Amino acid sequence: MSDGDLRPNSFWRERWEQNQISFHQAEVNPLLEQYWASLALDAESPVFVPLCGKSRDMHWLREQGHRVVGVELSPIACRDFFADAGMEPRLFDHGGFQVYEADGYRLLCGDLFALSAVDLEGVGAVFDRASLFAFPAERRRDYARAMGSLLPSGARTLLLTFEYESGTMTGPPFSVTEEEVIELYGGAFHVEQFAHAGGFPAEARFEARGLETIALAAYRLERR
Ligand SMILES: C[S@@+](CC[C@H](N)C(=O)[O-])C[C@H]1O[C@@H](n2cnc3c(N)ncnc32)[C@H](O)[C@@H]1O
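Residues numbered from 1 in each chain as written. Predicted model: local features only at pLDDT ≥ 70, side-chain atom pairs only at ≥ 80, totals over all residues.

A. Structural view of the overall build of the protein. Counting its regular elements, the protein contains 7 helices and 9 strands. The globule rule puts the C-alpha radius of gyration for 224 residues at 17 Å, and the 17 Å found for the protein is close to it. A buried classification covers 34% of the 224 residues belonging to the protein. Look at the contacts in the protein between residues 6 or more apart in sequence, and 69% of them connect residues 24 or more apart. (Helix = DSSP H or I, 4+ residues; strand = E, 2+ residues; numbered from the N terminus. Rg over C-alpha atoms; globule rule 2.2 N^0.38 Å. Buried ≥ 20, exposed ≤ 12 C-beta atoms within 10 Å, placed from the backbone. Contact = placed C-beta atoms within 7 Å.)

B. Looking closely at the site of the ligand. Around the ligand lies a shell of 21 residues, among which Trp12, Leu51, Gly53, Leu112 and Ala130 are the nearest. Residue assignment for the shell around the ligand shows that the elements contributing at least two residues are helix 1 (9–17) and strand 2 (68–72). For the shell around the ligand, the class distribution of residues is 12 nonpolar, 6 polar and 3 charged. (Near = placed C-beta within 6 Å. Nonpolar A, V, L, I, M, F, W, Y, C, P; charged D, E, K, R; others polar.)

C. Spatial organisation of the nonpolar core. Of all hydrophobic cores here, the largest spans 57 residues; its most connected members are Val47, Leu107 and Val123. Ranked by the residues each element gives to this core, the list is headed by strand 9 (residues 213–223), at 5 residues. Val47 has contacts with Leu61, His66, Val68, Val123, Ala125, Val126 and Phe127, leaving out every residue within four places of it along the chain. (Core = buried A, V, L, I, M, F, W, Y, C linked by C-beta atoms within 7 Å.)

D. Summary view of unusual backbone geometry. Note the cis peptide between Gly171 and Pro172, where omega equals 0 degrees. Relative to the elements of secondary structure, Pro172 occurs in the loop between strand 7 (156–163) and helix 6 (178–185). A cis amide bond links Pro172 with the next residue in sequence, Pro173, at an omega value of 0 degrees. In this fold, Pro173 is placed in the loop between strand 7 and helix 6. Even without being glycine, Ala130 reaches a positive phi, approximately 65 degrees. Given 21 C-beta atoms within a 10 Å radius, Ala130 is considered buried.

E. The arrangement of the sheet that holds strand 7 in detail. With respect to topology, 9 strands assemble into an open sheet ordered 3-4-5-2-1-6-7-9-8, the strand pairing being mixed. Taken across any chain shown, the strands that pair with only one partner, and hence form the sheet edges, are strand 3 (90–94) and strand 8 (189–201). Within this sheet the neighbouring strands show an average axis-to-axis angle of 20 degrees, counted without direction. Pairing between strand 4 (residues 97–102) and strand 5 (residues 105–109): 5 bridges, direction antiparallel. Note on strand 5: the bridge partner recorded for Val99 is Leu108. Along the sheet, helix 6 contacts strand 7, strand 8 and strand 9; its crossing angle with strand 8, the most-contacted strand, is approximately 160 degrees. (Pairing = 2+ DSSP bridges. Axes fitted to C-alpha atoms, helices over the stretch in contact; angles between N-to-C directions.)

F. Structural detail: the environment of Gly186. Here Gly186 is to be found in the loop between helix 6 and strand 8. On the basis of neighbour counts, which here come to 13 C-beta atoms within 10 Å, the residue Gly186 falls in the partly exposed class. The spatial distance from the C-alpha of Gly186 to the C-alpha of Arg62 is 29 Å, given a sequence separation of 124 residues.

G. View of the pairing of strand 1 (residues 47–50). Side chains Val47 and Val49 project from strand 1 onto one buried face, and the interleaved Phe48 and Pro50 project onto a second face that is buried too. Relative to strand 2, strand 1 is paired through 4 bridges, and the arrangement is parallel. The residue bridging Pro50 from the neighbouring strand is Val71, located in strand 2. With helix 3 (residues 57–63) bridging strand 1 and its parallel neighbour strand 2, the resulting β-α-β unit is right-handed. Bridge count for strand 1 against strand 6 (residues 125–128) is 2 bridges, and the pairing is parallel. Within strand 6, the position partnered with Val47 by the bridge is Ala125. (Right-handed = clockwise from strand over helix to strand, strands pointing away.)

H. Helix 5 (residues 137–150), seen in detail. A rise of 1.5 Å per residue sets the reference length of helix 5, with its 14 residues, at 20 Å; its end C-alpha atoms lie 20 Å apart and thus fit the reference within 8%. For helix 5, the full list of buried residues reads Arg140, Tyr143, Ala144, Met147 and Leu150. End-on, the buried residues of helix 5 take up no more than an arc of 130 degrees, which puts them together on one face. Contact partners of the buried residues in helix 5: helix 6. (Expected span 1.5 Å × (residues − 1). Arc of directions from axis to C-beta.)

As structure tokens, then:
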């Protein structure tokens, strides 16, 4: 799929149905552990995890004391997240989403672009790994705009991005530069890049798609 296409929701649902979820990490993301404290949050602040999949990062965030609100298209991901942890969520419909809820976790099964600010009321922070960079360029603009209108003033985001030379691999994940992050978020958010490191050998799954090295970056965004 080219960078200009809008990624249809069916693409992601099918990936879950076919268990093609190489983006899922068996371990907690090391950059989350390294940089989360830099957001200087109160443990009472609920954290929003957009495009959450069944990420283990949500368990780590819960262990820090945060309640976790995720949004995810695939019911398979939502179901497996709780099943893998031996939890039996309460299921109910709310505002067009199917909600899975247990023990401080609330996963909204449905489309992020159908959320309203009320769904994220009280959220103090966001963890974005493989959400912005899961989308092709045009959709990234919609996504950043949506985050600007959904998040309360003062909410902080830890945003992780990948950078690689254009013309090598076709996403996802898509390459997102610092210039683009500033362009997308600079109006509604204070943007600070606090880590950037390049020259990492690409994971085998990306190497097979023509990529040799990647750079990783971490940003702190604060909703104005
Ligand atoms: C690249 S994966 C990343 C998942 C997770 N953040 C992680 O680190 O494992 C992107 C996820 O977003 C979900 N997704 C894609 N588009 C979405 C949308 N519009 N609304 C909600 N979820 C979406 C997909 O089903 C998929 O699970």
